[in-house]
Amino acid sequence: MKKKTGQDRSITQGWRPATKAVRGGVARTEYGETSEALFLTSGYAYDCAGDAAARFAGEQQGMTYSRLQNPTVEMLEQRIALMEGAEAARCMASGMAAMTAALLCQLSAGDHLVGAKAMFGSCRWLTDTLLPRFGIATTIVDGTDNDAWKAAIRPETKAFFFETPANPTLDVVDIAAVCGIARDAGITTVSDNAFATACLQRPMELGADVVAYSATKMMDGQGRVLAGAVCGTEKFIVETLLPFTRNTGPTLSAFNAWVVLKGLETLDLRVRRQSENALKVARFLEKRVPRVLYPALASHPQHELAMRQMEAGGTIMSLFLDGGRAQAHGLLDALELVDISNNVGDSRSLMTHPASTTHAGLKEEVRLDMGITEGMLRLSIGLEDPDDVIADFDQALGKAGL
Ligand SMILES: *Cc1c(COP(=O)(O)O)cnc(C)c1O
């Protein structure tokens with residue numbers, strides 16, 4: 001009997017999520033390797049010149065050049081699409097390559113985009129600096145205010161762009177409501193799902209058209225490689241995204257794709273355990289610092305909405321201290337186990353001070369409008385025993401006078 005492969009969508013779509021994460025997209029070579037093969041090749045050879053011509057004409061199946069296709073990258077793309085419930089996905093060299101491609105591939109001078117104010121710093125650079133430079137107007141709204149999205153629509157509005165929960169403010173966007181508003185107006189929604197991942201939240205099931213990822217975060221999950229992905233309908237990917245990416249080249253390396261393939265096998269386990277750990281740490285911190293924002297805490301202003309659209313609170317929280325930058329830096333410096341690092345989604349717990357690192361490039365008024373104060377810290381919880389993380393905070397908070 002022929003073994004079921006991870007390539008046949010009629011079979012793989014029926015698999016449960018854990019099976020998709022381990023076997024989805026797998027294409028074995030004639031050697032029958034169990035683990036996915038790593039194809040470090042930039043080009044492909046043809047049996048005859050006619051084959052080369054036919055492949056370039058799109059009349060023959062097969063690969064031509066690794067800027068366009070690579071077997072290892074394709075395995076990852078199919079697995080991500082399956083896990084997301086998307087018709088298709090394409091991988092990019094980083095999360096920012098994915099966000100840039102997802103927007104620029106569909107927007108032209110004269111178009112208008114509405115974006116949420118609470119976003120990753122570089123995503124705000126796209127909306128505030130890059131797009132306007134090319135004649136694409138942008139309006140920034142409070143992403144948590146459904147009416148604000150509706151009010152910002154103009155006849156030339158082509159796209160809505162948001163992330164939820166947002167980095168680093170943990171603002172939660174009502175995906176179903178905002179996507180409904182967009183759909184009624186013929187607007188494409190692009191949802192950055194890096195913080196929740198498909199394990200906790202599937203924006204397409206709630207009406208999002210395009211889901212984009214930094215796979216650097218939870219998908220790799222062990223702080224090794226940069227990667228990104230864009231998921232959408234087959235039509236969007238083939239007709240809108242591919243002409244942009246094939247010619248501009250934000251291609252993911254096969255090696256990095258292979259690392260992320262390995263990461264996806266344990267994504268569900270890690271996301272759920274790290275979310276459990278995060279909730280435990282958040283409950284401790286809530287008693288010790290003036291304010292903690294974490295979607296699974298009842299004190300989060302959008303707790304109910306977050307728990308409606310997410311299966312758990314995720315791995316990231318933010319804390320607010322009253323003593324400004326000095327106290328925030330003091331707490332970071334007093335930590336012995338938790339690393340000072342601006343990455344998130346690692347198996348190690350990491351903390352950063354966004355105002356002086358990830359969001360330092362934004363104007364102060366933009367930062368404050370987003371809710372990023374001098375006393376704010378962003379904490380990404382890893383796979384350590386949460387009691388060790390709590391013990392580290394206990395001693396560090398004491399040293400920081402808290
Ligand atoms: C990290 C991050 C990005 C950018 O991803 P890179 O892989 O670092 O380029 C985009 N959006 C969110 C929400 C992120 O956390």
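All of these numbers come straight from a predicted model, not from anything done at the bench. (Residues numbered from 1 in each chain as written. Predicted model: local features only at pLDDT ≥ 70, side-chain atom pairs only at ≥ 80, totals over all residues. Heavy atoms only, no water.)

A. Quick look at the overall build of the protein. When its secondary structure is counted, the protein shows 16 helices and 12 strands. For a compact globule of 402 residues, the expected C-alpha radius of gyration is about 21 Å, and the protein comes in at 22 Å, within 12% of that figure. Across its three principal axes, the protein shows a C-alpha extent of roughly 75 × 50 × 35 Å. Scored against the burial criterion, the 402 residues of the protein give a buried share of 55%. In the protein, 71% of the contacts between residues at least 6 apart in sequence involve partners at least 24 apart. (Helix = DSSP H or I, 4+ residues; strand = E, 2+ residues; numbered from the N terminus. Rg over C-alpha atoms; globule rule 2.2 N^0.38 Å. Buried < 20%, exposed > 50% of the residue type's maximum accessible area, 1.4 Å probe, protein only. Contact = heavy atoms within 4.5 Å.)

B. Structural view of unusual backbone geometry. Pro 165 follows Thr 164 through a cis peptide bond whose omega is -10°. Here Pro 165 is to be found in the loop between strand S4 (157–163) and helix H8 (175–184). Cis peptide bonds are those with omega within 30 degrees of zero, and the linkage from Asn 167 to Pro 168 qualifies with 0°. Turning to its location among the elements, Pro 168 is positioned in the loop between S4 and H8. Phi at Leu 170 is positive, roughly 60°, even though this residue is not glycine. Relative accessible area serves as the criterion here: at 1%, Leu 170 is assigned to the buried category. Not every positive phi belongs to a glycine, and Thr 197 is a case in point at roughly 65°. Position of Thr 197 relative to the elements: it lies in helix H9 (residues 197–200).

C. The sheet that holds strand S11 (residues 350–352), seen in detail. Taken in spatial order, the 5 strands make up an open sheet running S8-S9-S12-S11-S10, and their pairing is mixed. Pairing within the sheet leaves two strands with one partner each, and these edge strands are strand S8 (291–293) and strand S10 (339–340). The strands touched by helix H12 (residues 267–288) within the sheet are S8, strand S9 (316–320) and strand S12 (376–380), with S9 carrying the most contacts at an inclination of about 10°. (Pairing = 2+ DSSP bridges. Axes fitted to C-alpha atoms, helices over the stretch in contact; angles between N-to-C directions.)

D. Geometry of the packing of helix H4 (residues 71–84) against helix H11 (residues 254–265). Where H4 meets H11, the axes come as close as 8 Å, and the angle between the chain directions of the two elements is 35°. Pair H4 / H11 crosses with left-handed handedness. The segment H4 lies against H11, with Thr 72, Val 73, Met 75, Leu 76, Arg 79, Ile 80 and Met 83 engaging Ala 254, Ala 257, Trp 258, Val 260, Leu 261, Leu 264 and Glu 265. Across the contact of H4 with H11, the residue classes tally to 11 nonpolar, 1 polar and 2 charged. (Left-handed = near helix turned anticlockwise from the far one by under 90°. Nonpolar A, V, L, I, M, F, W, Y, C, P; charged D, E, K, R; others polar.)

E. Region of the structure containing the packing of aromatic side chains. Summed over all chains, the structure comprises 3 aromatic pairs. When the ring of Trp 149 is compared with that of Phe 162, the centres are 5.8 Å apart and the planes differ by 75°; the resulting orientation is edge-to-face. Here Trp 149, found in helix H7 (residues 146–151), pairs with Phe 162, found in strand S4; they are 13 residues apart in sequence, far enough to count as distant. Phe 162 gets classed as buried once you look at its relative accessible area, which sits at 0%. Of the aromatic side chains, those joined through ring pairs into one cluster are Trp 149, Phe 160 and Phe 162. A cation over an aromatic ring shows up here: Lys 217 above the ring of Phe 120, its NZ or CZ 5.0 Å from the ring centre. (Phe/Tyr/Trp six-rings, centres within 6.5 Å; stacked < 30°, edge-to-face > 60°. Lys NZ or Arg CZ within 6 Å of the ring centre and 35° of its normal.)

F. Spatial organisation of the site of the ligand. Around the ligand sit 13 residues, and of these Gly 95, Met 96, Asp 192, Thr 216 and Lys 217 come closest. Note that a nitrogen atom of the ligand is positioned 2.6 Å from one of the side-chain N or O atoms of Asp 192. Compared with its free state, where it exposes 380 Å², the ligand has 93% of that area covered by protein. Looking at side-chain class alone, the shell around the ligand contains 5 nonpolar, 5 polar and 3 charged residues. (Near = heavy atom within 4 Å. Polar contact = N/O pair within 3.5 Å; in protein donor to acceptor, adjacent residues only side chain to side chain. Areas by Shrake-Rupley, 256 points an atom, 1.4 Å probe, with all protein chains shown as cover.)

G. Molecular detail of H8. Restricting attention to buried positions, one finds in H8 the residues Ile 175, Val 178, Cys 179, Ile 181 and Ala 182. Down the axis of H8, the sector holding all buried residues measures 155°, keeping them to one side. On its buried face, H8 is in contact with H7, S4, strand S5 (188–192) and helix H13 (303–309). The positive-phi residue at the C-terminal boundary of H8 is Gly 186, with phi of around 70°. (Arc of directions from axis to C-beta.)

H. Seen up close, the domain arrangement of the protein. Parsing the protein into structural domains produces domain 1 (14–264) and domain 2 (267–399). In this structure, domain 1 and domain 2 have C-alpha centres spaced 26 Å apart. The interface of domain 1 with domain 2 comprises 36 residues on the first partner and 40 residues on the second. Across the interface of domain 1 and domain 2, roughly 3000 Å² is buried in total on both sides, 61% from carbon and sulfur atoms. The three residues of domain 1 that bury the most area against domain 2 are Leu 170, Leu 200 and Met 218, which together make up 23% of that side's buried surface. (Domains from an automatic or database assignment. Buried area = accessible area lost by both parts, 1.4 Å probe.)

I. Local environment of the pairing of S4. By the criterion of burial, S4 is predominantly enclosed, with 6 of the 7 residues buried. Relative to S5, S4 runs parallel, the two being bridged by 5 bridges. Counterpart to Glu 163 in the pairing with S5 is Asp 192.

J. Fine view of the pattern of salt bridges. Under the counting rule described, the total for this entry stands at 19 salt bridges. Two residues, Arg 272 and Glu 311, come together in a salt bridge whose shortest N-O distance is 3.0 Å. Highlighted residues: Arg 272 in helix H12 and Glu 311 in the loop between H13 and S9, separated in sequence by 39 residues. Owing to a relative accessible area of 31%, Arg 272 belongs among the partly exposed residues under this scheme. For Arg 348, the salt bridge goes to Asp 346, with nearest N and O atoms at 3.1 Å. (Salt bridge = Lys/Arg side-chain N within 4 Å of Asp/Glu carboxyl O.)

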